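# What the coordinates show
One letter stands for each residue in the lines below.
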Amino acid sequence: MIWAKEETLPRSEIEAIQLSKLKDTVRYIYDRVKPYRDRMDAAGVKPEDIRTLEDLKKLPYTYKADFKENYPDGLFAVDKKEIVRYHASSGTTGKPTVVGYTRNDLDMWLNNVARIACMGGATADDVAQISFGYGTFTGALGLHGGLEKIGASVIPMSSGNTNKQIMFLKDMGVTLLVATPSYALHLGEEIRKRGIDPAKDLKLHIGLFGGEGMTEPMRDEMHKVWGEQFVCTQNYGMSELCGPGVAGECTELCGMHVNEDWFIPEIIDPETEEVLPPGERGELVVTCLGKEALPLVRYRTGDMTRLMYEPCKCGRTTCRMENISGRADDMLVIRGVNVFPTQIEEVLLKIDEIGPHYEILVERKNRLDVMTITVELIDDRLLDSYASLSELEGRIQKALKSQLGLATQIRLVAPNSLKRFEGKAKRVTDLRKDGL
């Protein structure tokens, strides 16, 4: 099912909509957001200079650091009394990235999520179980509202409590699951351990996955666990842009369709910041169109992908982005949570008993992401006291949980035992990239 006519317009009409909205957005942001106005003035660009879509290149980029520098709401374009919803995601330091929505923003957001849900096969007849964590994370409430838009029944289960998840999947006749891919695999395996065959004993036949990337081996494994009837698609978004709803896979599984009448995607070389031609792989940059509370122009997402403009067999004419192939920066996504090594380092440097050297290992165990942080002790005599080591380990874990909102495993080692680097330190080893 196609939710909106804008998904099937000729390219010329899509670009006409984009240009009209882009002109309005640039004028709006210049008039209302001082950090943008200052940056545009420094670049010698005025709103009236934007006459074609090619002129988008004249505008300065927006960076994640801009949210930190203007925390919490210095990039907002409306008065607080117009904000009806706040969300937040992890920042590069302890301060989160705060985003806001007006009533019109919410309507736009949830209609875009409705499109994404329909792309993945959702209909008004579905019973959807949301297994994302509710809270300031945009994923749960975004998919919740978008699925309600199309008329589906929604169970706001939230994350964790696997026994209850399974009970509701069975007893409520759930047909659609919203989760991270890794949690969906974990949940499917737990169901099979209980002697339940999802293909025969459950009504579940759709998975709408986000919060982390899904590799093709993961999709293949999803079918092994849940059955061949299980149609699983992934969708893309981030809090800064609106949350989920920027792009999503249709059932043809040939890339994620971008909602181009609300978002203009570009691909740039992350080093030179030059715009690359269609089909080239680079960093995704997104301009939001029509947002009231938090308009963003040329936001560098850090995600590496490429864009495809050929019409899709599903009937949609919007461009598609390939599955994310990596990051241009050092951000990790752990169980749907954005984690920067600098956040971890900030915590570790405040603990007297450990040194400044650390290593981060990310693995996938039992279908779930596990992050182990190895740190050096200052005094190796601590290694002789199990009680002291245990207390220190617990203290580090508690501090990291407070900072990241995520449980970690800690490994304490002797002084001077970790590798030293002459150049840029390679502190992160991610073993999830090429498999499940």
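Attention here is on the structure that accompanies the text. (Residues numbered from 1 in each chain as written. Predicted model: local features only at pLDDT ≥ 70, side-chain atom pairs only at ≥ 80, totals over all residues. Heavy atoms only, no water.)

### Topic: the overall build of the protein chain
To keep it simple, the criterion reads: Every helix listed is a DSSP run of H or I at least four residues long, and every strand listed is a run of E at least two residues long, numbered separately from the N terminus. Residue burial is assigned from relative accessible area. The probe radius is 1.4 Å, only protein chains are included, and a residue is buried under 20% of its type maximum, exposed over 50%, and partly exposed in between. Residue contacts are defined here by distance: any two heavy atoms, one from each residue, within 4.5 Å place the two residues in contact. Here the accessible surface of atoms and residues is derived via Shrake-Rupley with a 1.4 Å probe, and residues count as covered only by protein chains that are part of the display. Neither His nor the chain termini are counted; the positive set is Lys and Arg, and the negative set is Asp and Glu. In plain terms, the charge of a residue is placed at NZ if it is Lys, CZ if Arg, CG if Asp and CD if Glu.
Check the secondary structure of the protein chain and you find 11 helices and 21 strands. Principal-axis analysis of the C-alpha atoms gives the protein chain an extent of 70 × 60 × 45 Å. With 436 residues in all, the protein chain has 53% of them scored as buried. In the protein chain, 67% of the contacts between residues at least 6 apart in sequence involve partners at least 24 apart. As displayed, the protein chain offers around 19,100 Å² of accessible surface, 50% of which is attributable to carbon and sulfur atoms. Seen as two clouds, the 57 positive and the 66 negative side-chain charges of the protein chain have centres 2 Å apart.

### Description of the environment of Asp261
Within the secondary structure, Asp261 sits in the loop between β9 (256-258) and β10 (263-268). Note: C-alpha distance between Asp261 and Lys21 (240 residues apart in sequence) is 8.3 Å. Beyond its immediate chain neighbours, meaning those up to four positions away, Asp261 contacts Glu6, Ile17, Lys21, Arg115 and Leu289.

### Topic: the packing of aromatic side chains
Counted only if it meets this: For Phe, Tyr and Trp, where Trp contributes only its six-membered ring, two rings pair if their centres lie within 6.5 Å, and the inter-plane angle classes them as stacked under 30 degrees, edge-to-face over 60, or tilted in between. Here, a charge over a ring means that NZ of Lys or CZ of Arg falls within 6 Å of the ring centre while also lying within 35 degrees of the ring normal.
All told, the structure shown has 7 aromatic pairs when counted by the stated rule. Arranged with centres 6.3 Å apart and planes meeting at 20 degrees, the rings of Phe76 and Tyr86 form a pair that is stacked. Taken together, the residues Phe76 in the loop between α3 (64-69) and β1 (85-89) and Tyr86 in strand β1 connect sequence positions 10 residues apart. Ring pairs connect the aromatic residues Phe209, Trp226 and Phe230, which therefore count as one cluster. The positively charged end of Lys21 is found above the aromatic ring belonging to Trp262, 3.3 Å away from the centroid. Sitting over the face of the ring of Tyr358, Arg427 holds its NZ or CZ atom 4.5 Å from the ring centroid.

### As for helix α4 (residues 103-119)
As a reminder of what qualifies: By this rule, a helix spans an expected 1.5 Å times one less than how many residues it contains.
For α4, built from 17 residues, the straight-helix expectation of 24 Å at 1.5 Å per residue is met to within 8% by its first-to-last C-alpha distance of 25 Å. Most of α4 is tucked away: 13 of the 17 residues are buried. Just downstream of α4 lies Gly121, where phi reads positive at about 105 degrees.

### A few points about the sheet that holds strand β5 (residues 176-179)
Here is the rule we go by: Only strands joined by at least two bridges in the DSSP assignment are considered to pair. Every axis corresponds to a line fitted to the C-alpha atoms, with the helix fit spanning only the stretch in contact, and the corresponding angles, defined between N-to-C directions, vary from 0 to 180 degrees.
The strand order β4-β3-β5-β6-β7-β8-β9-β14-β13 describes an open sheet built from 9 strands, whose pairing is mixed. Of all the strands in the sheet, the pair left with one neighbour each is β4 (153-155) and β13 (307-308). Its contacts with the sheet place helix α7 (residues 181-193) against β5 and β6 (206-209), and it is angled at close to 125 degrees to β5. Packed on one face of the sheet, helix α9 (residues 216-226) meets β5, β6, β7 (231-238) and β8 (243-249) and runs near 135 degrees to β7.

### Looking at the environment of Asp303
Along the chain, Asp303 falls in strand β12 (residues 299-305). Separated by 21 residues in sequence, Asp303 and Ile324 place their C-alpha atoms 6.3 Å apart.

### Points about unusual backbone geometry
Residue Pro72 follows Tyr71 across a cis peptide bond; omega there is -5 degrees. Here Cys242, not a glycine, exhibits a phi torsion of approximately 160 degrees, which is positive. The topology assignment puts Cys242 in the loop between β7 and β8. Of note in this structure, Arg335 is not a glycine but carries a positive phi near 50 degrees. Relative to the helices and strands, Arg335 resides in the loop between β16 (332-334) and β17 (337-339).

### Things to note about the side chain of Thr408
Checked against the element boundaries, Thr408 lands in the loop between α11 (386-404) and β20 (409-413). Not counting residues up to four positions away in its chain, the partners in contact with Thr408 are Met371, Ile373, Gln397 and Leu400.

### Topic: the sheet that holds strand β15 (residues 326-327)
Strand order in the open sheet formed by 4 strands is β10-β11-β12-β15, with antiparallel pairing between adjacent strands. The outermost strands of the open sheet, each flanked by one partner alone, are β10 and β15.

### Comments concerning the packing of α7 against α9
Our working definition: Reported orientations rely on four angle classes, namely roughly parallel under 35 degrees, roughly antiparallel over 145, roughly perpendicular from 65 to 115, and oblique for the rest. A clockwise turn of the near helix away from the far one marks a right-handed crossing, whereas an anticlockwise turn of less than a right angle marks a left-handed crossing. For this scheme, ten residues count as nonpolar: Ala, Val, Leu, Ile, Met, Phe, Trp, Tyr, Cys and Pro. Four count as charged, namely Asp, Glu, Lys and Arg, and the remainder, Gly too, count as polar.
Where α7 meets α9, the closest approach of the two axes is 9 Å, and the angle between their N-to-C directions is 25 degrees. In this view, α7 runs roughly parallel relative to α9, as classed from their interaxial angle. Pair α7 / α9 crosses with left-handed handedness. Across the interface between the two elements, Pro181, Ser182, Ala184, Leu185, Leu187, Gly188, Glu189, Ile191 and Arg192 of α7 pack against Met218, Glu221, Met222, Lys224, Val225 and Trp226 of α9. Residue composition of the contact of α7 with α9, by class: 9 nonpolar, 2 polar and 4 charged.

### Here's the deal with the nonpolar core
Keep this limit in mind: As used here, the term nonpolar core means buried Ala, Val, Leu, Ile, Met, Phe, Trp, Tyr and Cys residues forming a set that is joined through side-chain atoms within 4.5 Å.
One finds Leu147 and Leu241 to be the most contacted residues of the largest nonpolar core, which totals 65 residues. For this core, the element with the highest residue contribution is α4, accounting for 7 residues. Grouped together as the second largest cluster of nonpolar side chains are 25 residues, Ile351, Leu400, Leu406 and Leu412 included.

### Observations regarding the environment of Ile17
Within the secondary structure, Ile17 sits in helix α1 (residues 11-32). The contact partners of Ile17, leaving out residues within four places of it in the chain, are Glu6, Leu9 and Asp261.

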